[in-house]
Amino acid sequence: MDYINTPRSFKQPEAIAQRRGMLNEPHIAPLVAYVEGLRGKLPEWEFQDFDPADGGTDADMLFLLEKPGPMTSTSGKRMGSGFISRNNDDPTAEALFRFMSEADISRKRTVLWNVVPGWNKTIKVGSTEWREGVQELNNLVALLPNLKTAVLVGRKAGRAEKLMASLDINIFTSAHPSPKVRSMNRAMWDRIPEQWANAASVRSRTT
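Since we're looking at a predicted model, the values are computed, not measured.

### Observations regarding the pairing of strand E4 (residues 110-114)
Right, on to step 1. Within E4, five of the five residues are buried, which leaves the element mostly enclosed by the surrounding structure.
Right, on to step 2. Along E4, one buried face is formed by Thr110, Leu112 and Asn114 and the opposite face, lined by Val111 and Trp113, is buried too.
Right, on to step 3. For strand E2 (residues 61-65) and E4, the ladder comprises five bridges, and the chain directions are parallel. Residue Leu65 lies in a different strand from E4, and its bridge partner there is Asn114.

### Looking at the packing of helix H3 (residues 91-102) against helix H8 (residues 192-200)
Right, on to step 1. Two elements in contact, H3 and H8, have axes whose closest approach is 8 Å; the angle formed by their N-to-C orientations is 55°. One element, H3, and the other, H8, form an angle in the oblique class. With respect to the hand of their crossing, H3 and H8 are arranged in right-handed fashion. Across the interface between the two elements, Leu96, Phe99, Met100 and Glu102 from H3 touch Ile192, Pro193 and Trp196 from H8.

### A look at the sheet that holds E4
Right, on to step 1. If you walk across this open sheet you meet the four strands as E4-E2-E5-E6, and the pairing is parallel. Where the open sheet ends on each side, the last strands, each with one partner, are E4 and strand E6 (170-174). For this sheet, the mean inter-axis angle between neighbouring strands, taken without regard to orientation, is 20°.

### Details of the packing of helix H2 (residues 29-41) against helix H4 (residues 127-141)
Right, on to step 1. With their axes 11 Å apart at the nearest point, H2 and H4 run at an angle of 150° to one another. Judged by the twist between their axes, the crossing of H2 over H4 is right-handed. Residues Leu31, Tyr34, Leu38 and Lys41 of H2 lie in contact with H4, whose contacting residues are Glu136, Asn139 and Leu140.
Right, on to step 2. A class-by-class count of the residues in the contact of H2 with H4 yields four nonpolar, one polar and two charged.

### Describing H2
Right, on to step 1. Along its 13 residues, H2 runs 19 Å from first to last C-alpha, staying within 8% of the 18 Å computed at 1.5 Å per residue.
Right, on to step 2. Considered for burial, the residues of H2 that qualify are Leu31, Tyr34, Val35 and Leu38. For H2, the arc enclosing every buried residue in end-on projection is 95°, short of the 170-degree limit, so these residues lie on one face.

### Considering the UniProt feature "domain: Uracil-DNA glycosylase-like" (unreviewed entry) in the protein chain
Right, on to step 1. When the UniProt feature table is mapped onto this chain, "domain: Uracil-DNA glycosylase-like" (unreviewed entry) is found at residues 58-184.
Right, on to step 2. Structurally, residues 58-184 comprises 31% helix and 17% strand, and the distance from its first C-alpha atom to its last is 36 Å.

### Digging into H4
Right, on to step 1. Look at H4: 22 Å from first C-alpha to last across 15 residues, which is about the 21 Å you get at 1.5 Å a residue.
Right, on to step 2. Those residues of H4 that fall on the buried side of the exposure criterion are Glu129, Trp130, Gly133, Val134, Glu136, Leu137, Leu140 and Val141.
Right, on to step 3. Check the buried side of H4 and you find it contacts H2, strand E1 (49-50), E2, E4 and helix H5 (161-166).

### Details of the nonpolar core
Right, on to step 1. Phe50, Phe63, Trp113, Leu140, Met164 and Trp196 are the most contacted members of the largest nonpolar core, which has 55 residues in total.
Right, on to step 2. Non-local contacts of Trp196, meaning those with residues more than four positions away in its chain, are made with Met61, Phe63, Leu96, Phe99, Met100, Ala103, Ile105, Val151, Val153, Ser174 and Pro177.

### Considering the packing of aromatic side chains
Right, on to step 1. Inspection of every chain in the model, using the stated rule, returns eight aromatic pairs.
Right, on to step 2. Taken together, a centroid distance of 5.7 Å and an interplanar angle of 35° make the contact between Phe10 and Phe83 tilted. With Phe10 in the segment before helix H1 (13-20) and Phe83 in strand E3 (residues 83-84), the pair connects residues that are 73 residues apart, well separated along the chain.
Right, on to step 3. Looking at Phe10, the relative accessible area reads 6%, which means it is buried.
Right, on to step 4. When its relative accessible area of 0% is taken as the criterion, Phe83 is described as buried.
Right, on to step 5. Ring centres 3.9 Å apart and planes at 10° place the aromatic pair Phe50 and Trp113 in the stacked group. Of this pair, Phe50 sits in strand E1 while Trp113 is found in strand E4, placing the two residues 63 residues apart along the sequence.
Right, on to step 6. Given the relative accessible area of 2%, Phe50 is considered buried.

Criteria and cut-off values
Residues numbered from 1 in each chain as written. Predicted model: local features only at pLDDT ≥ 70, side-chain atom pairs only at ≥ 80, totals over all residues. Heavy atoms only, no water. Buried < 20%, exposed > 50% of the residue type's maximum accessible area, 1.4 Å probe, protein only. Helix = DSSP H or I, 4+ residues; strand = E, 2+ residues; numbered from the N terminus. Pairing = 2+ DSSP bridges. Axes fitted to C-alpha atoms, helices over the stretch in contact; angles between N-to-C directions. Parallel < 35°, antiparallel > 145°, perpendicular 65-115°, else oblique. Left-handed = near helix turned anticlockwise from the far one by under 90°. Contact = heavy atoms within 4.5 Å. Nonpolar A, V, L, I, M, F, W, Y, C, P; charged D, E, K, R; others polar. Expected span 1.5 Å × (residues − 1). Arc of directions from axis to C-beta. UniProt positions renumbered as here; feature names shortened; annotations may be inferred. Core = buried A, V, L, I, M, F, W, Y, C linked by side-chain atoms within 4.5 Å. Phe/Tyr/Trp six-rings, centres within 6.5 Å; stacked < 30°, edge-to-face > 60°.

As structure tokens, this is what we get:
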């Protein structure tokens, strides 16, 4: 089975094990160290790893979502993957996987992360953790030397627009690919692949 190019492949433990075996690759090693630093600063939180099947430090596109969900967690009632990944076994990750494909965005161009970078056993976001998460983005962007574009995915992620714009990169926004958004505003949800494709076209216009 092709665990990288199959949505929801992290339902298979061997897929997660395969991805863990990739965490020492050069393009992802600096981001592994970055996550270890977050764990040291907030040991009561759970910080997931970046997906080494993505572009890592070579990426020119950052897709910035809101906050990790329970299926990223390895300590919940239902065992998650420990990764921020389009291969996670949940409907949002599945939609993200399919929308990336529809937008024809090479996986190696992308890195996925969240404004609030860790999981604290709730999907709620307090004002303090949101403010601190936005500030922390400076440290992440410093590790992405090829970054040209940030896509802020979801209304809450859009609150980081002022900071990201100050970093001299192209900013795009889209709806969040969650079942909730799909049920509440299907037209907005359906526009996501086109919006992501527009963001991906920036590289060809500026290089």
